Amino acid sequence: MQTQQPQPTPRLPFIQLLAHHTPQAMAWVRGGAAAPGLSGLVKFFDTPYEGVLVEAEIFGLPNLSLPGSSDFYAMHIHESGDCSGHFTHTGGHYNPTHQLHPQHAGDLPPLLGSQGYAWTAFYDKRFRIKEIIGRSVIIHSMPDDFTSQPSGNPGIQLGCGAIREL
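Residues numbered from 1 in each chain as written. Predicted model: local features only at pLDDT ≥ 70, side-chain atom pairs only at ≥ 80, totals over all residues. Heavy atoms only, no water.

Trainee: Describe the pattern of salt bridges, and please don't skip the residues or the numbers.
Mentor: Scanning the model with the defined rule gives 3 salt bridges in all. Note that Glu55 is salt-bridged to Lys43, the shortest N-O span being 4.0 Å. Taken together, the residues Glu55 in strand E3 (residues 52–59) and Lys43 in strand E2 (residues 39–46) connect sequence positions 12 residues apart. A salt bridge links Arg135 to Glu79, with the nearest nitrogen and oxygen atoms 3.0 Å apart. Residue Arg135 is located in the loop between helix H3 (129–132) and strand E8 (136–140), and its partner Glu79 is located in the loop between strand E5 (75–78) and helix H2 (84–87); the two are separated by 56 residues in the primary sequence. Judged by relative accessible area, which is 19%, Arg135 ranks as buried. (Salt bridge = Lys/Arg side-chain N within 4 Å of Asp/Glu carboxyl O. Helix = DSSP H or I, 4+ residues; strand = E, 2+ residues; numbered from the N terminus. Buried < 20%, exposed > 50% of the residue type's maximum accessible area, 1.4 Å probe, protein only.)

Given below as structure tokens:
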């Protein structure tokens, strides 16, 4: 009797993408007036699974010693990549199918900061890289509550980065 080989999970190809491949798009996130030391990269990789692998590494997040801050920060893709004017020109969440929050394509998992640093990687099938070029990644001061409409009550915008194709 022949035994069937187990099917590999996406984990191994994802590790290979992160370690050995150039992303197809990136956003260089920079802090605004509320977090001038904030900076980092959000990278977007095409996958063989019809989705996008996202990796974010952010430095300079406010820490728990600041009143009203937390270890969790909302991260969203917004409609426009215009980070000028204290990020007031980025529009709402990227939401091409007109869903209620938190089902917008631009609703991303929260960042968990530790002493001002956050790293995360996740897989998402709600958008393709070509659809988000020219939009922005926004880091907010509070965690998304995943309930409030229209955007989850995430606090002020701490950082912004336009998504550019590589």
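Trainee: Explain the pairing of strand E9 (residues 157–165) residue by residue, including any values.
Mentor: Pairing of strand E1 (residues 25–31) with E9, which is carried by 5 bridges, proceeds in the antiparallel orientation. In the sheet register, Met26 faces E9, and the bridge partner there is Arg164. Relative to E9, E8 runs antiparallel, the two being bridged by 5 bridges. Within E9, the position partnered with Val137 by the bridge is Gly161. (Pairing = 2+ DSSP bridges.)

Trainee: Talk me through the side chain of Ser136; I want residue IDs and the actual numbers.
Mentor: Looking at where Ser136 falls in the secondary structure, it is placed in strand E8. With sequence-adjacent residues up to four places away left out, Ser136 is seen in contact with His76, Ile77, His78, Ser80, Gly81, Cys83, Thr90, Cys160, Gly161, Ala162 and Ile163. (Contact = heavy atoms within 4.5 Å.)

Trainee: Help me get a handle on the packing of aromatic side chains, residues and values and all.
Mentor: Under the counting rule described, the total for this entry stands at 4 aromatic pairs. For the ring pair Phe14 and Tyr49, a centre distance of 5.7 Å and an interplane angle of 90° mean the geometry is edge-to-face. In this pair, Phe14 is assigned in helix H1 (residues 11–20) and Tyr49 in the loop between E2 and E3, connecting sequence segments 35 residues apart. (Phe/Tyr/Trp six-rings, centres within 6.5 Å; stacked < 30°, edge-to-face > 60°.)

Trainee: Go over the sheet that holds E2 with me, naming the residues and quoting the values.
Mentor: Strand order in this open sheet of 7 strands is E5-E8-E9-E1-E2-E3-E7, and the pairing throughout is antiparallel. Of all the strands in the sheet, the pair left with one neighbour each is E5 and strand E7 (118–124). With strand direction ignored, the average angle separating the axes of adjacent strands in the sheet is 20°. (Axes fitted to C-alpha atoms, helices over the stretch in contact; angles between N-to-C directions.)

Trainee: Any details on a nonpolar patch on the surface? Residues and values, ideally.
Mentor: On the surface, a nonpolar cluster with roughly 300 Å² of combined accessible area is contributed by Phe59, Tyr117 and Trp119. Considering the arrangement of structural elements, one finds Tyr117 in the loop between strand E6 (111–112) and E7. (Patch = residues over 30% accessible without salt bridge, like charges linked within 9 Å, V, L, I, M, F, W, Y side chains within 5 Å. Areas by Shrake-Rupley, 256 points an atom, 1.4 Å probe, with all protein chains shown as cover.)

Trainee: Report on the pairing of E3, specifying residues and quantitative values.
Mentor: Along E3, 6 of the 8 residues are buried, which leaves the element largely enclosed by surrounding structure. Pairing analysis gives 8 bridges linking E2 to E3, with the strands arranged antiparallel. Considered in E3, the bridge of Leu41 is made with Glu57. Between E2 and E3, which follow one another and run antiparallel, lie 5 residues, and Glu50 among them has a positive phi close to 60°. Bridging between E3 and E7 involves 7 bridges; their strand directions are antiparallel. Bridge assignment links Glu55 to a residue of E7, and that residue is Ala121.

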